[in-house]
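This is what each chain is made of:
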Amino acid sequence: MERIAISKGVFDTSSTFKVETKKEGNVKMAVYGYFIGQIHLMLRLLVLIMSCLTVVCNFLLRLWLTRWVNAQQLLGSSTAEFSFYASVYCALAVANTVVDSATDIFFRMVQYLIGTRLHRKLIQSLFRAPMDFFNLHPTGIILNRLSSDTSTADLGTTLSVANFITDAVQMVGSLLFISGSCLPTLVFLLPACVGYAAAQLLYVAPSRDLDRLMSKARSPTVSIFKEAMSGAPFIRAAGLQQMFENECGHRTINELRPLYMFLFIQETSAIIMDTLGVVVLFAVTFFTGRGAIKGSLPAGVAAISITYAQQICMKMMWFVRQATSIEVNMVGIERLREFSELTPELWEGVVEQAPPPRWPQAGTVRFENVTVHYKGATGEPALKNVTFALESGQHLGIIGRTGSGKSTLAKVLFRIVMPTAGRVLLDGVDTAYPPLTRLRRSMAMVAQDPTLFEGTVRENLDLLGCFSDVAIWDALRRAHAHNIVTERLRGLEGAITGSGDQLSVGEKQLLCIARAFLCKAQVVVFDEASSSVDAHIGKLIHQSISRNNDANSSTTPVTRASSTSDGISSSFLDHPTVLIIAHRLSSINACDTILVLDSGQVRETGSPQALLQSSGSVFANMMAANAL
Ligand SMILES: Nc1ncnc2c1ncn2[C@@H]1O[C@H](COP(=O)(O)OP(=O)(O)OP(=O)(O)O)[C@@H](O)[C@H]1O
Ligand SMILES: [Mg+2]
């Protein structure tokens, strides 16, 4: 439902989202290079050798048949001769079948290898892409690349290339044989080849562009189906079924339009090719037949020439389609490549600026003149020159109007969004440089939208599987979520379906809060974490967050393994530094510092007591209004 302006009754084409673009012209050679580069040079050579071997075996079989026929014409039939020619023919036929089958199996293996590599690269690239990428690209575009384009790469491209090579070798062989046997046929063969090449050129360009159009037109259809499925209750409630039905129909027709054009071009080219084929067949039959009648050409050779000519007629069209299909399939590879070579987040960090081995330990946070401008967004920055500092274990309450930049501030801390200017320091280290895993594992966030996924309760809470049952139950108790797990989800091994569809938003929030409590991070951010739970539970949770509660915790905090392979610090603070983004003022009363954001700027900051006493303070006014 993300882009549908219901009130206007139209589908929004918001400028923030990228509409899928269609590339123009020939597929670049670099795309072919990218595709071929997926397999080792030796395998590439082997593809060529196997293709040639198939053609040579086939040719030898026919040649032997010719010799056999000629020998029989000259020598008459003797049993010894017959056995000799028949045995060699059988041996060649078996060799032909074996080579054909081996080539087929080999091509399938290469197809599997290339498909797997392309898919792996795409997945790796998408998982390491910055969040901006997902903000800018609607799900339909990404799903289209992962489904339709991947399937083209898996099923079509490799076999098209392999068959093209085999056909090309076979065509050249056939043409050489025919023209070598009967030179005058060249008068017709050469212009026919030029005609085939011209037809191919006429066919390839529109087919390629139409395929691009088809791929581009598929994304909006995928998007609207996904939106309609996820928003079905809202669509029904608003009575917008007809509007969605019309839009689905409209997008499906748009998707099919290029397909009809494609079929039209395919049929037209088939007629041209067939006509050329008839000319070739006529010429070869005429000249070789005349040679055979005159006795200047052995009858067997004439027969094989005519068979090859028939083959050229049938295969040429297939050959041209293979060539086109390669170009068309390469469009899919071009699209996969585009998403497989995204600039990743700074995953490994900057090695020269690597933080100390046990960083971070204290959990001090410092924002220095941080400004954030979202990619693709126009207008004012989401954060402007935000500066504040938090000592180890301090609690900061962040308030502000909707859209004032509270969640953006949390995202900057996690390097989900990079500051356009300024810097964020965690224990004195600029968060722009450490390896992402180290940075993010040292912090926990309960986001505004609670996120659970398909799996057991344990998997949802303890993502890396490194906490004991005691620790998990302790975290659940502190989040007041233990009753949900015992009564609704049947314990830690109970299943969470979908993205927690069987739970209310408030219940999901409580489980996410338990997850944050469990990971014992140095810095914890609660972004409207309890906005959907009732005031009583909300109060209890904020008591849990407060420092005194740790001492009352029923179990000793469990720490992770002393040192992990990526050097994550093993010592966890009993009292993390906490940032609480809240609408309910009661939940931030006990914080050490309050930060009021207004249109991305720090409007005021200070202790709750100091702000309450200061005249004209926004916080004091809000508290007063709240009391009313
Ligand atoms: N991905 C994005 N791309 C472009 N602009 C964005 C993006 N996310 C947020 N913004 C804009 O940045 C500004 C701050 O958004 P943010 O989500 O930080 O507000 P917030 O204070 O958390 O609001 P709320 O109280 O509603 O959660 C808003 O104007 C918003 O429209
Ligand atoms: Mg927010």
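All values reported here derive from a predicted model rather than from experimental measurement.

**Observations concerning the site of ligand 1**
Inference 1: Lining the immediate environment of ligand 1, one finds 15 residues, of which G403, K406, S407, T408 and Q448 sit closest.
Inference 2: S407 has a polar side-chain atom sitting 2.9 Å from an oxygen atom of ligand 1.
Inference 3: Separating an oxygen atom of ligand 1 from a side-chain N or O atom of Q448 is a distance of 2.8 Å.
Inference 4: A breakdown of the residues in the shell around ligand 1 according to their chemical character gives three nonpolar, nine polar and three charged.

**Here's the deal with the pairing of strand β13 (residues 593-598)**
As a general feature of sheets, a regular strand has side chains that alternate between the two faces.
Inference 1: Among the six residues in β13, five count as buried, and that is most of the element.
Inference 2: Inspection of the sheet shows strand β5 (residues 395-400) paired to β13 by five bridges, in the parallel sense. Across the sheet, the residue bridging to I399 is V596, located in β13.
Inference 3: Across five bridges, β13 lies against strand β14 (residues 601-606) in antiparallel orientation. Bridge pairing links I594 to G606 in β14.
Inference 4: The hairpin formed by β13 and β14 contains two residues between the paired strands, and S599 there has a positive phi angle of roughly 50°.

**Some points on the packing of helix α1 (residues 29-36) against helix α9 (residues 299-340)**
Inference 1: Two elements in contact, α1 and α9, have axes whose closest approach is 9 Å; the angle formed by their N-to-C orientations is 80°. As summarised for this structure, α1 and α9 are arranged roughly perpendicular, according to the angle between their axes. Of α9, the residues touching α1 (which contributes A30, V31, Y32, Y34 and F35) are I326, E327, M330, I333, E334, R337 and S340.

**Some remarks on the environment of E493**
Inference 1: Note on placement: E493 falls in the loop between α14 (482-488) and β10 (495-496).
Inference 2: Spatially, the C-alpha atom of E493 lies 5.2 Å from that of T456, the residues being 37 residues apart in sequence.
Inference 3: Separated by 2.8 Å, the side chains of E493 and R458 make a polar contact.

**Overview of the sheet that holds strand β3 (residues 365-372)**
Inference 1: The sheet built from four strands is open, its strands ordered β4-β3-β6-β7 with antiparallel pairing. Both outer strands of the open sheet, β4 (383-390) and β7 (429-430), are each paired with one neighbouring strand and no more.
Inference 2: With five bridges joining them, β3 and strand β6 (residues 421-426) adopt antiparallel strand pairing. Counterpart to E368 in the pairing with β6 is R423.
Inference 3: Running over the sheet, helix α10 (residues 406-413) touches β3, β4 and β6 and is turned about 115° from β3.

**Some details on the coordination of the magnesium ion (ligand 2)**
Inference 1: Protein ligation of the magnesium ion (ligand 2) involves S407 (OG) and Q448 (OE1), the donor distances falling in the range 2.0 to 2.3 Å. Within this pair, whereas S407 is found in helix α10, its partner Q448 is found in the loop between β8 (443-446) and β9 (455-456), the two being separated by 41 residues in sequence.
Inference 2: Taking relative accessible area as the criterion, Q448 reaches 38% and is therefore assigned partly exposed.

**A short note on the sheet that holds β13**
Inference 1: Strand order in the open sheet formed by six strands is β8-β11-β12-β5-β13-β14, and the pairing between neighbours is mixed. Either end of the sheet is taken by a strand with one partner, and the two such strands are β8 and β14. Strand after strand, the sheet turns through a mean of 15° between neighbouring axes, direction not considered.
Inference 2: Along the sheet, α10 makes contact with β5, β8, β11 (523-527), β12 (577-581) and β13, crossing β12 at roughly 150°.

**Focus on the nonpolar core**
Inference 1: Among the nonpolar cores identified, the biggest contains 47 residues, and L476, L511, I513, F526, I588 and F619 are the most heavily contacted of them.
Inference 2: Counting residues per element, this core draws most heavily on helix α15 (residues 505-518), which supplies eight residues.
Inference 3: Membership of the second largest hydrophobic core comes to 30 residues, among which are V31, F106, L159 and A162.

**Quick look at the UniProt feature "transmembrane region" (unreviewed entry) in the protein**
Inference 1: Sequence positions flagged by UniProt for "transmembrane region" (unreviewed entry) are, in local numbering, residues 45-64, 84-107, 175-199, 259-287 and 299-320.
Inference 2: In residues 45-64, the share of helix is 100% and the share of strand is 0%. The end C-alpha atoms are 28 Å apart.

What counts as what
Residues numbered from 1 in each chain as written. Chains lettered and ligands numbered in written order. Predicted model: local features only at pLDDT ≥ 70, side-chain atom pairs only at ≥ 80, totals over all residues. Heavy atoms only, no water. Near = heavy atom within 4 Å. Polar contact = N/O pair within 3.5 Å; in protein donor to acceptor, adjacent residues only side chain to side chain. Nonpolar A, V, L, I, M, F, W, Y, C, P; charged D, E, K, R; others polar. Buried < 20%, exposed > 50% of the residue type's maximum accessible area, 1.4 Å probe, protein only. Helix = DSSP H or I, 4+ residues; strand = E, 2+ residues; numbered from the N terminus. Pairing = 2+ DSSP bridges. Axes fitted to C-alpha atoms, helices over the stretch in contact; angles between N-to-C directions. Parallel < 35°, antiparallel > 145°, perpendicular 65-115°, else oblique. Contact = heavy atoms within 4.5 Å. Donors = N, O, S within 2.8 Å, 3.2 Å for Na, K, Ca; no water. Core = buried A, V, L, I, M, F, W, Y, C linked by side-chain atoms within 4.5 Å. UniProt positions renumbered as here; feature names shortened; annotations may be inferred.

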